[in-house]
Amino acid sequence: VLFGQTALAASAFGLARFDRDLDERIDDFAHRLTGGDGWVSQRPAQPYDRQMLQCAELVEKGRAPDAVRLCTELAGQEYVPAMLFLARLYCGGAVRPDYPRALKWLSRAEKAGSAEAGALRARLRELMDRLERAKRGDAGALFSVGRAFETGDLVEKNQQKAYEYYGRAIRA
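Remember, it's a predicted structure, so these values are computed and weren't measured experimentally.

This part is about unusual backbone geometry. With phi around 65°, E78 is a residue other than glycine that occupies positive phi space. Considering the arrangement of structural elements, one finds E78 in the loop between α5 (64-75) and α6 (80-90). Using a relative accessible area of 44% as the deciding quantity, one classes E78 as partly exposed. With phi around 70°, L154 is a residue other than glycine that occupies positive phi space. Structurally, L154 can be placed in the loop between α9 (139-151) and α10 (159-171). L154 gets classed as buried once you look at its relative accessible area, which sits at 1%.

And the structure:
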């Protein structure tokens, strides 16, 4: 089971979709991990590769809380892919959205040297700001949040919520 085709595929599991580049890097990671292009024979497996695949499989089987526990353990050992995975989970879909926790893991991943974590953290902060402005009835923010739900950008893809936000934007 490939990483990108299981738990990290937003269409299959309703997980927040961060960006196509990150998904491609994760798919590439899984491809190399499973032996594509002779990578495994040239380089030993990373110490946590199997546990990360196990996290993806747990989400796929509907056992997201178990995946969170395992990934939290790995992330606590400064393993950046686990931090990114946790951030993705906390943006919604497999577990209840918890944006402050997602920010925490993105910040830790950025401090550990992950450039994509910094970019994702900035985008998540922008989304959180738009959500706050949407609560106050800002039409532009309502539309923007609706678009995020429509496309699944940093939130769980949800057409019903998208239409609700669009409707509120029109009435604002």
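So, about helix α4 (residues 49-60). The end-to-end C-alpha distance of α4 is 17 Å, a good match for the 16 Å that 12 residues give at a rise of 1.5 Å each. Residues of α4 that are buried: D49, M52, L53, C55, A56, L58 and V59.

Okay, the packing of α9 against α10 next. Direction vectors running N to C along α9 and α10 enclose 165°, while the axes themselves pass 8 Å from each other. When the interaxial angle is binned, α9 and α10 end up roughly antiparallel. When the axes of α9 and α10 are compared, the crossing they make is left-handed. In this structure, α9 uses A139, L142, F143, V145, G146, R147, F149 and E150 to contact α10, whose residues at the interface are Q159, K161, A162, Y165, Y166, R168 and A169. Classifying every residue of the contact of α9 with α10 gives 9 nonpolar, 2 polar and 4 charged.

To continue, consider the pattern of salt bridges. Pairs can form between side chains of opposite charge whenever their charged atoms are close. This structure, assessed with the given rule, holds 10 salt bridges. Between E110 and R121 there is a salt bridge, with the nearest N and O atoms lying 2.8 Å from each other. Of this pair, E110 sits in helix α7 (residues 99-111) while R121 sits in helix α8 (residues 115-135), placing them 11 residues apart in sequence. In this structure E110 comes out as partly exposed when scored by relative accessible area, which is 32%. A salt bridge links E132 to K135; the shortest N-O distance between them is 3.3 Å. Residue E132 and its partner K135 are located together in helix α8, separated by 3 residues, close to a single helical turn. What you see here is one network of salt bridges that share partners, running through R63, D66 and R69.

This part takes up the side chain of R130. Mapped onto the fold, R130 is located in helix α8. With no salt bridge to any partner, buried R130 finds its closest opposite charge in E126, at an N-O distance of 4.3 Å. At a separation of 3.0 Å, a polar atom in the side chain of R130 contacts the side chain of S144.

Looking at the protein chain, pLDDT values average 77 and 72% of them are 70 or higher. In this model, residues 1-22 is a region of pLDDT below 50 whose contacts with residues beyond four sequence positions or in other chains number 76 contacts. Note on residues 32-45: pLDDT under 50 across the span, and 12 contacts to partners over four residues away in sequence or across chains.

All right, on to the packing of α7 against α8 then. Orientation of α7 relative to α8, taken along the N-to-C sense of each, is 155°, at an axis distance of 8 Å. On the basis of their axis angle, the class for α7 and α8 is roughly antiparallel. The crossing of α7 and α8 is left-handed. Contacts between α7 and α8 involve Y99, P100, A102, L103, L106, S107, A109 and E110 on the former and, on the latter, A117, G118, L120, R121, L124, R125, M128 and L131. Broken down by class, the residue content of the contact of α7 with α8 amounts to 11 nonpolar, 2 polar and 3 charged.

Reading guide: rules and limits
Residues numbered from 1 in each chain as written. Predicted model: local features only at pLDDT ≥ 70, side-chain atom pairs only at ≥ 80, totals over all residues. Heavy atoms only, no water. Helix = DSSP H or I, 4+ residues; strand = E, 2+ residues; numbered from the N terminus. Buried < 20%, exposed > 50% of the residue type's maximum accessible area, 1.4 Å probe, protein only. Expected span 1.5 Å × (residues − 1). Axes fitted to C-alpha atoms, helices over the stretch in contact; angles between N-to-C directions. Parallel < 35°, antiparallel > 145°, perpendicular 65-115°, else oblique. Left-handed = near helix turned anticlockwise from the far one by under 90°. Contact = heavy atoms within 4.5 Å. Nonpolar A, V, L, I, M, F, W, Y, C, P; charged D, E, K, R; others polar. Salt bridge = Lys/Arg side-chain N within 4 Å of Asp/Glu carboxyl O. Lys, Arg positive; Asp, Glu negative; His and termini not counted. Polar contact = N/O pair within 3.5 Å; in protein donor to acceptor, adjacent residues only side chain to side chain. pLDDT = per-residue confidence, 0-100.

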